[in-house]
Every structure is written in structure tokens, then in C-alpha cells.
Amino acid sequence: MKKIFNVTEYGVKADRPDIIQTDAIQKVIDLAGADSGKIYFPEGRYSSGSLFFKAKTSLCLAKNAFLQGSSDISDFAVLP
């Protein structure tokens, strides 16, 4: 069974869509990637820029959980 990484237990704030939380969310993704875990977002609204998921991880959004992209293009990484 995959270990569950609840993002709010790692400092990500629920119901703060006004805050871009890319770095905090990416840290949870990286932790889950080292353990082939499941990234879990409980109910709430979350905003982020570019996120880079690892192999053998999964993403789970609870009912009424929303992960939205930032409306500011500068919050997204430019890759070659």
C-alpha cells in the first residue's frame, strides 16, 4: 500500500488560493517520490505554478479539493 502524504501536514495551507504554494507542494511531491507515495489534497483551494511529479507517485484530491494554476505566467518554469 502506498504511503499517503497529506499536503497540509507538510505546511501547505488549505483555502488559501491567494497564496501561490508551488515550493511547499513540490517538496511534498519530492518526498512522496522518494517513497512511491500518494500526494493527497484534503478539501480546500490550493494555487500553484509548475509542479513536477515523480514516477510511481499518484495524486488524490478529496471531494471539494481544487488545485488551480496561478494566473501569473511568471509562476511557471520555462523548460528547454
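That block above? That's the structure.
Criteria and cut-off values
- In every chain, residue numbers begin from 1 and rise along the written sequence.
- Thresholds applied to this predicted model are a pLDDT of at least 70 for local features of residues and 80 or more for the giving and counting of side-chain atom pairs; totals over whole chains, interfaces and linings are not thresholded and use all residues.
- In computing side-chain values, all of the structure's heavy atoms are included and hydrogens and water are not.
- Secondary structure elements follow DSSP: runs of H or I of four or more residues count as helices, runs of E of two or more count as strands, with numbering from the N terminus.
- This radius of gyration counts C-alpha atoms alone. The globule rule is 2.2 Å times how many residues there are, raised to the power 0.38.
- In what follows, residue pairs with any heavy atoms lying within 4.5 Å of each other are defined as contacts.
- All accessibility values rest on the Shrake-Rupley procedure with a 1.4 Å probe; residue burial counts only the protein chains present in the view.
- A residue counts as positive if it is Lys or Arg and as negative if it is Asp or Glu; His and the chain ends are not included.
- Note that the charge is assigned to NZ on lysines, CZ on arginines, CG on aspartates and CD on glutamates.
- Buried Ala, Val, Leu, Ile, Met, Phe, Trp, Tyr and Cys residues that are joined via side-chain atoms within 4.5 Å together make up what is termed a nonpolar core.
- Each residue gets one of three labels from its accessible area relative to the maximum for its type: buried under 20%, exposed over 50%, partly exposed in between, using a 1.4 Å probe on protein chains only.
- Aromatic pairs are defined between Phe, Tyr and Trp rings, using the six-membered ring for Trp, whenever the two ring centres lie within 6.5 Å; interplanar angles under 30 degrees are classed as stacked, those over 60 as edge-to-face, and all others as tilted.
- Distance and angle both matter: a charge sits over a ring if NZ of Lys or CZ of Arg is within 6 Å of the ring centre and within 35 degrees of the ring normal.
- Each helix should span, by expectation, one fewer than its residue count multiplied by 1.5 Å.

Caption draft 1: Region of interest: the overall build of the protein chain. Across its full length, the protein chain carries one helix and five strands. For the protein chain, the succession of helices and strands along the chain, N to C, is β-α-β-β-β-β. A globule of 80 residues ought to have a C-alpha radius of gyration of about 12 Å, and the protein chain, at 12 Å, matches this closely. For the protein chain, the C-alpha atoms occupy an extent of roughly 35 × 35 × 20 Å along the three principal directions. Partitioning the contacts of the protein chain with sequence separation of at least 6, the portion at a separation of at least 24 is 54%. Counting only carbon and sulfur atoms, one obtains 54% of the accessible surface of the protein chain, whose full area is about 5100 Å². Each charge sign in the protein chain was given a centre, from 10 positive and 9 negative side chains, and these centres are 8 Å apart.

Caption draft 2: The arrangement of the nonpolar core in detail. Val7, Val12, Ile25, Val28, Ile39 and Phe41 are the most contacted members of the largest nonpolar core, which has 13 residues in total. Mapped by element, the contributors of at least two residues to this core are α1 (22-34) and β2 (38-41). In contact with Val7, other than residues within four places in its own chain, are Val12, Val28, Ile39, Tyr40, Phe41, Pro42 and Tyr46.

Caption draft 3: Just the packing of aromatic side chains, in detail. This model, assessed by the stated rule, comprises two aromatic pairs. Seen from their ring centres, Phe41 and Tyr46 are 4.9 Å apart, and the 75° between their planes marks the pair as edge-to-face. Each member of the pair, Phe41 together with Tyr46, is buried. The lysine or arginine in question, Arg45, covers the ring of Phe66, its NZ or CZ lying 4.3 Å from the ring centre.

Caption draft 4: Representation of unusual backbone geometry within the structure. One non-glycine residue, Asp15, adopts positive backbone phi at about 55°. With respect to the helices and strands, Asp15 occurs in the loop between β1 (4-6) and α1. Although it is not a glycine, Asn64 adopts a positive phi angle of roughly 70°. By the secondary structure assignment, Asn64 is in the loop between β4 (58-61) and β5 (65-69).

Caption draft 5: α1, seen in detail. The first and last C-alpha atoms of α1 sit 18 Å apart over 13 residues, in line with the 18 Å expected at 1.5 Å per residue. Packed against the buried residues of α1 are β1, β2, β3 (44-48) and β5. Looking one or two residues beyond α1, the residue adopting positive phi is Ser36, at roughly 50°.

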